[in-house]
Amino acid sequence: MLVNQFLILGAVLFCTGVYGVLARRNAVMVLMSIELMLNAVNINLLTFGLMVGSISGQVFALFIIAIAAAEVGVGLALVLLIYRNRSNIDVEELDLMHG
Amino acid sequence: MLENAYLIPLLPGLSFLAILLFGKRIKGGQGAHYIGVPVLAVVWVLSLVAVFGWINRVDDVTPATEAGATTHETAAAGVGTAGDPASPVVLAAEGETGAEAGHEAVAQPVIRSATWWSNAGENFRIGTLVDGLSVTLLFVVSTVSLLVHIYSIEYVRGDERYTHYYAFLSFFSAAMLFFVLSQNIIQMIVGWELVGVSSFVLIGHWWESLDNSNAAMKAFMTNRVGDVGLLVGMIILYFAAGSFEVPVINEMAASGQIRHLLLLAAAGSLTAAVMSKSGQFPLHTWLPDAMAGPTPVSALIHAATMVVAGVYMVARLYPVFYEGYSIGTSSINGLALLGGFTAFMAAALAFVQWDIKKVLAYSTISQLGYMVMALGVGAWTAAIFHLFTHALFKACLFLGAGSVSHASHHTFDMREMGGLRKVMPHTYKTFVLASLALAGVFPLAGFWSKDEILVGAMRGQQSGYPLMLFFGLLVAFMTAAYMTRVIWYTFWGEYRGHGTPHESPALITGPLWILAGGAVLGGLVNLPSAVADKIGLGGAAHLIETYAEPVRYLDQFSTFSVAAPSLGLALTGLALALGGILAVYLYYWRRLGPHGLTEQSVWARRGYTFLVNKYYLDHLYTGIIARGVRGPVAQAAYWVNQNVIDRIVNLVGESARETGRWVYTNIDQGVVDGTVNGLSSGAEATGEGLRVIQSGRVQQYGSLLFGAAAVLAIIFTIVI
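Residues numbered from 1 in each chain as written. Chains lettered and ligands numbered in written order. Predicted model: local features only at pLDDT ≥ 70, side-chain atom pairs only at ≥ 80, totals over all residues. Heavy atoms only, no water.

### Comments concerning the overall build of chain A
Next, step 1: Within chain A, the secondary structure is distributed over three helices and zero strands.
Next, step 2: Within chain A, the proportion of its 99 residues that are buried is 24%.
Next, step 3: As presented, chain A carries roughly 6,600 Å² of accessible surface, and 73% of it is formed by carbon and sulfur atoms. (Helix = DSSP H or I, 4+ residues; strand = E, 2+ residues; numbered from the N terminus. Buried < 20%, exposed > 50% of the residue type's maximum accessible area, 1.4 Å probe, protein only. Areas by Shrake-Rupley, 256 points an atom, 1.4 Å probe, with all protein chains shown as cover.)

### So, the overall build of chain B
Next, step 1: Broken down by element type, chain B carries 31 helices and two strands.
Next, step 2: Partitioning the intrachain contacts of chain B with sequence separation of at least 6 by distance along the chain shows that 79% fall at a separation of at least 24.
Next, step 3: By element, 68% of the accessible surface of chain B is carried by carbon and sulfur atoms, the whole surface being about 29,900 Å². (Contact = heavy atoms within 4.5 Å.)

### Brief notes about the side chain of Ser152(B)
Next, step 1: Of note, Ser152(B) is situated in helix α6 (residues 132-155).
Next, step 2: The contacts of Ser152(B), once residues within four sequence positions are left out, are Arg157(B), Tyr162(B), Tyr165(B), Tyr166(B), Leu169(B) and Pro296(B).

### Section: the interface of chain A and chain B
Next, step 1: Contacts between the two partners involve 16 residues from chain A, matched on the other side by 10 residues from chain B.
Next, step 2: Regarding the contact of chain A and chain B, the summed buried area is about 990 Å², with carbon and sulfur atoms giving 53% of it.
Next, step 3: Put simply, chain A and chain B have zero salt bridges between them.
Next, step 4: Seen at the junction of chain A and chain B, the total is two residue pairs in polar contact (both at pLDDT 80 or more).
Next, step 5: Put simply, the parts of the chain that give the side of chain A that touches chain B at least two residues each are α1 (3-23) and α2 (27-52) of chain A. (Buried area = accessible area lost by both parts, 1.4 Å probe. Salt bridge = Lys/Arg side-chain N within 4 Å of Asp/Glu carboxyl O. Polar contact = N/O pair within 3.5 Å; in protein donor to acceptor, adjacent residues only side chain to side chain.)

### Looking at the pattern of salt bridges
All names here are of chain B.
Next, step 1: Under the defined criterion, the tally for this structure stands at eight salt bridges over all chains.
Next, step 2: Close ionic contact of aspartate 289 with lysine 218 constitutes a salt bridge, the shortest N to O distance being 3.1 Å. In this pair, aspartate 289 is assigned in helix α12 (residues 286-289) and lysine 218 in helix α9 (residues 210-241), connecting sequence segments 71 residues apart.
Next, step 3: Here the salt bridges do not stand alone but share partners, grouping Glu193, Arg224 and Asp227 into one network.

### A short note on unusual backbone geometry
Next, step 1: Omega for the bond connecting Phe281(B) with Pro282(B) falls within 30 degrees of zero, at 0°, which places this linkage in the cis form.
Next, step 2: Here Pro282(B) shows up in the loop between α11 (260-277) and α12.
Next, step 3: Here the amide bond leading from Phe442(B) into Pro443(B) is cis, since omega sits at 0°, within 30 degrees of zero.
Next, step 4: Within the secondary structure, Pro443(B) is located in the loop between α20 (425-439) and α21 (445-459).
Next, step 5: Positive phi outside glycine occurs at Ser87(A), with the angle close to 65°.

### Digging into the nonpolar core
Residues and elements named next belong to chain B.
Next, step 1: Residues Met234, Met313, Leu317 and Val320 are the most contacted members of the largest nonpolar core, which totals 202 residues.
Next, step 2: In terms of residues, this core owes the most to one element, helix α18 (residues 380-407), which gives 18 residues.
Next, step 3: Grouped together as the second largest cluster of nonpolar side chains are five residues, Ala439, Val441, Ala480 and Ile581 included. (Core = buried A, V, L, I, M, F, W, Y, C linked by side-chain atoms within 4.5 Å.)

### Observations regarding the pairing of strand β2 (residues 122-130) of chain B
Residues and elements named next belong to chain B.
Next, step 1: When strand β1 (residues 110-119) meets β2, the two strands line up antiparallel, connected through nine bridges. Paired with arginine 112 across the two strands is threonine 128, which belongs to β2.
Next, step 2: Here β1 folds back onto β2, and the loop between the two strands holds two residues, one of which, alanine 120, carries a positive phi near 50°. (Pairing = 2+ DSSP bridges.)

### With respect to the packing of aromatic side chains
All names here are of chain B.
Next, step 1: Evaluated as defined, the whole model comprises 27 aromatic pairs over all chains.
Next, step 2: Relative to phenylalanine 171, the ring of phenylalanine 16 lies with its centre 4.9 Å away and its plane at 50°, an arrangement referred to as tilted. One end of the pair, phenylalanine 16, is in helix α1 (residues 7-22); the other, phenylalanine 171, is in helix α7 (residues 162-180), and 155 residues separate them in sequence.
Next, step 3: Summarising the aromatic geometry, the rings of phenylalanine 124 and phenylalanine 244 are spaced 5.1 Å apart at their centres and angled 35° between planes, so their arrangement reads as tilted. With phenylalanine 124 in strand β2 and phenylalanine 244 in the loop between α9 and α10 (246-254), this pair connects stretches of sequence that are 120 residues apart. The burial state of phenylalanine 124 is the same as that of phenylalanine 244; both residues are buried. (Phe/Tyr/Trp six-rings, centres within 6.5 Å; stacked < 30°, edge-to-face > 60°.)

### Quick notes on α10(B)
Next, step 1: If you check which residues of α10(B) are buried, you get Val246(B), Ile249(B), Asn250(B), Met252(B), Ala253(B) and Ala254(B).
Next, step 2: Just beyond α10(B), the residue with positive phi is Gly256(B), at close to 75°.

### Topic: the packing of α18(B) against helix α23 (residues 506-521) of chain B
All names here are of chain B.
Next, step 1: One way to put it is that α18 packs onto α23 with a least axis distance of 8 Å and a crossing angle of 150°. By the angle between their axes, α18 is roughly antiparallel relative to α23. Where α18 crosses over α23, the handedness of that crossing is left-handed. Along its contact with α18, which presents Leu392, Phe393, Ala395, Cys396, Leu399, Gly400, Ser403 and His406, the element α23 presents Ile508, Pro511, Leu512, Leu515, Ala516, Gly518 and Ala519.
Next, step 2: Split into classes, the residues belonging to the contact of α18 with α23 amount to 11 nonpolar, four polar and no charged. (Axes fitted to C-alpha atoms, helices over the stretch in contact; angles between N-to-C directions. Parallel < 35°, antiparallel > 145°, perpendicular 65-115°, else oblique. Left-handed = near helix turned anticlockwise from the far one by under 90°. Nonpolar A, V, L, I, M, F, W, Y, C, P; charged D, E, K, R; others polar.)

### Details of α21(B)
Residue and element names in this part refer to chain B.
Next, step 1: With 15 residues, α21 ought to run about 21 Å at 1.5 Å a step, and its terminal C-alpha atoms sit 22 Å apart, in line with that.
Next, step 2: Of all 15 residues in α21, 13 are buried, a share of seventy percent or more.
Next, step 3: Once α21 finishes, glycine 460 follows within two positions and takes phi at roughly 60°, a positive value. (Expected span 1.5 Å × (residues − 1).)

### Focus: the confidence of the model for chain A
Next, step 1: In this model, chain A carries an average pLDDT of 90, and 98% of its residues clear a pLDDT of 70 or more.
Next, step 2: When mean pLDDT is compared element by element in chain A, helix α3 (residues 56-86) of chain A scores highest at 93, while α1(A) scores lowest at 91. (pLDDT = per-residue confidence, 0-100.)

### Describing the packing of α6(B) against α18(B)
Residues and elements named next belong to chain B.
Next, step 1: Where α6 contacts α18, the axes come no closer than 11 Å and their chain directions differ by 0°. On the basis of the axis angle, α6 is roughly parallel to α18. Residues Leu133, Thr136, Leu137, Phe139, Val140, Val144, Val148, Tyr151, Glu154 and Tyr155 of α6 touch α18, and the partners they reach there are Trp380, Ile384, Leu387, Phe388, Ala391, Ala395, Leu399, Gly402, Ser403, Ser405 and His406.
Next, step 2: Here the residues of the contact of α6 with α18 sort into 15 nonpolar, five polar and one charged.

### Structural notes on a nonpolar patch on the surface
Residue and element names in this part refer to chain B.
Next, step 1: Together, Val711, Leu712, Ile714, Ile715, Phe716, Ile718, Val719 and Ile720 make up a nonpolar patch on the protein surface, roughly 890 Å² of accessible area in all.
Next, step 2: Along the polypeptide, valine 711 turns up in helix α31 (residues 698-719).
Next, step 3: Owing to a relative accessible area of 48%, valine 711 belongs among the partly exposed residues under this scheme. (Patch = residues over 30% accessible without salt bridge, like charges linked within 9 Å, V, L, I, M, F, W, Y side chains within 5 Å.)

### Concerning the environment of Leu169(B)
Residues and elements named next belong to chain B.
Next, step 1: For leucine 169, the position within the fold is in helix α7.
Next, step 2: Sequence separation between leucine 169 and serine 15 is 154 residues; the distance between their C-alpha atoms is 9.8 Å.
Next, step 3: Excluding anything up to four places from it in sequence, leucine 169 contacts Val148, His149, Ser152, Leu202, Val297 and Leu300.

### Side note on the confidence of the model for chain B
Residue and element names in this part refer to chain B.
Next, step 1: Looking at chain B as a whole, its pLDDT mean stands at 81, while 88% of the residues score no less than 70.
Next, step 2: Confidence over residues 64-104 falls short of pLDDT 50; this stretch has 34 contacts with residues more than four positions distant or in other chains.
Next, step 3: We note a pTM of 0.70 for the whole complex and an ipTM of 0.80 for its interfaces.

### Structural notes on the side chain of His205(B)
Residue and element names in this part refer to chain B.
Next, step 1: With respect to the secondary-structure elements, histidine 205 resides in the loop between α8 (185-203) and α9.
Next, step 2: Only 3.2 Å separates the side chain of histidine 205 from the side chain of aspartate 159, close enough to count as a polar contact.
Next, step 3: With sequence-adjacent residues up to four places away left out, histidine 205 is seen in contact with Asp159, Arg161, His164, Tyr165 and Pro294.

### Remarks on the environment of Phe239(B)
Next, step 1: If you trace the backbone, Phe239(B) turns up in helix α9.
Next, step 2: Along the backbone, Phe239(B) and Ile258(B) are 19 residues apart, and their C-alpha atoms lie at a distance of 10.0 Å.

Shown next, in the form of structure tokens:
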């Protein structure tokens, strides 16, 4: 059973995602990084589901894919509006909530 | 009907509510009598049914009424000679002659009551007590009230507050009937106060005039003085007898189960209540002023019914007074002296009044004094008899005065009347009949009742009351004289007022004639049997004595006796009355006697001034007592205020200020403010520090989030 390999793949993908979310300035890239993190979680769920012999992991993965699609839809809509207002999508400049 | 007597006060009570709620809608506010008069007529019929119901009840117990009455008298005479209440054996032996049967099988009062509320194990009850005394009063109150209701249709017509007037007439009737039927002393107090309130409202009916509202206030305030006595007396009775029930209190007082001192205290306190409500010296001053009310109200409340409430209360709780004042054995006591003196004092005042209603008011006080005196000398029956006849002829006199005033431009000043006998024949005739009845001229009602009082005073119970007899005879003379004076000024001579007087319509003369009939025939109610047998009315003799006296059911009260009539005294009383009339007749009609005496003699003038100023009692009350409170007492109070209270207040104030200052500088500024400022600056510094983190940049938040999560993950890994 290649559990370790799968878990390592998940961890690498997650870390790539975190890095992308924290470091990229382009909002679209941030969204894509979130997708990476979600897929890393999916891989983990499938792996543990297979290991335990339960179908729940696959069911959860399907739910997450559906929700991720919705999330990307909402996220891209936000990005579009931000672009229309500001003519760029740099998340570094979105600091209206600055204390 | 005797069991359902509660209907009698209930009906006028409902009529009061109905008039108050719907009265204004009938005939544009001038039709309240369409409710009031029929209800009172029903009440009158019910009272009559109650009277006959009670008579039947007494007859059923003692089938031979005549025999019962006569044996009662022989027994009473026997007891009067035997005398000593401490020898019951002798009494029983005397009673063997036949009256004992009457004492064993006597008609008990009909009591019906329900629990009103209960507190601390004591049930406060409300109900009706029907006996001879109650039904007598029921009859008097409902009769006069009905006639006054009818009379007022004309007299108060067009008044602004016509509805209000009728509402409170009904209210008064309800309150008085409630009072009369009281089964316990709490109910008595309630009824007593209710009639006081309605009296206040009706005296002040025309309150737009300051005099009227002042008179109402005076009546109310003076009555409050006596009411304190009522409360104290009733409380003493409750703690002495352990019960509020009238029959229980009477039984215990009559049988000597209450200490004499307690009874004396109770009787004394209750006498104060009699002073105010029944206008006895020295609290009578409100009654003449109460004449500010509409005349029918004066007739109903301040002549016939409410003012006899005190007399009724004494009669109702008679054993308390009888034992408390030792009426049976003494030859002078507080109650008799009070009544006798009041009768004389008020009669003297009646001579100098120019207001016809005030003459009648003083006459009422005088006659009430007669009743109280009768109770004081032990002539219970005579007092109730006089109450009955007095209600009839005094109501007639007041309504007559109202009729005179109605005819001659609403004045009551006799100097603006005169010569009215020609234009007002009905009023004149009824007024003269009622005056003769009041004066005590044979064979009108007043003669019989006054004679009984005089006999009572002469014979007493065990010893006579000579001083009271003297007062009684003197007042008989004076009464006749001042009433003749009123008739002279009102109906004889030349008319001295404005406009043309005219006879009043039938709604006014009708009640006058009915009451005049009562004034003529009222004496039949309690004729002495010696007289009644002669004129073939033997069965009707001693009605009040036979049916109303409570001694019939108070066994322990068997020392009580009714004095036998005396022909000589009757003739003396009659001669004095006729003498009074004759003297005044000669003085005014024939112009004989010392005219202009007040101009010639200093002493006569002084006496006259003394009487005109009503013995300076009003000056005493308002000038000395009230100003005494206002003057020196007020100054003393001011001094105390300035030097004691103010000093204390200032001291307290200054020390409070010093304490405050210290607290301000040390605690407030130092501790409290320091804490608050410290807290706020600490918060500010923290905020400044944390403000840096609040960059608004999502990725920075994200890094912190993931960093924290990573740290937590490491901790978990290490720990677990």
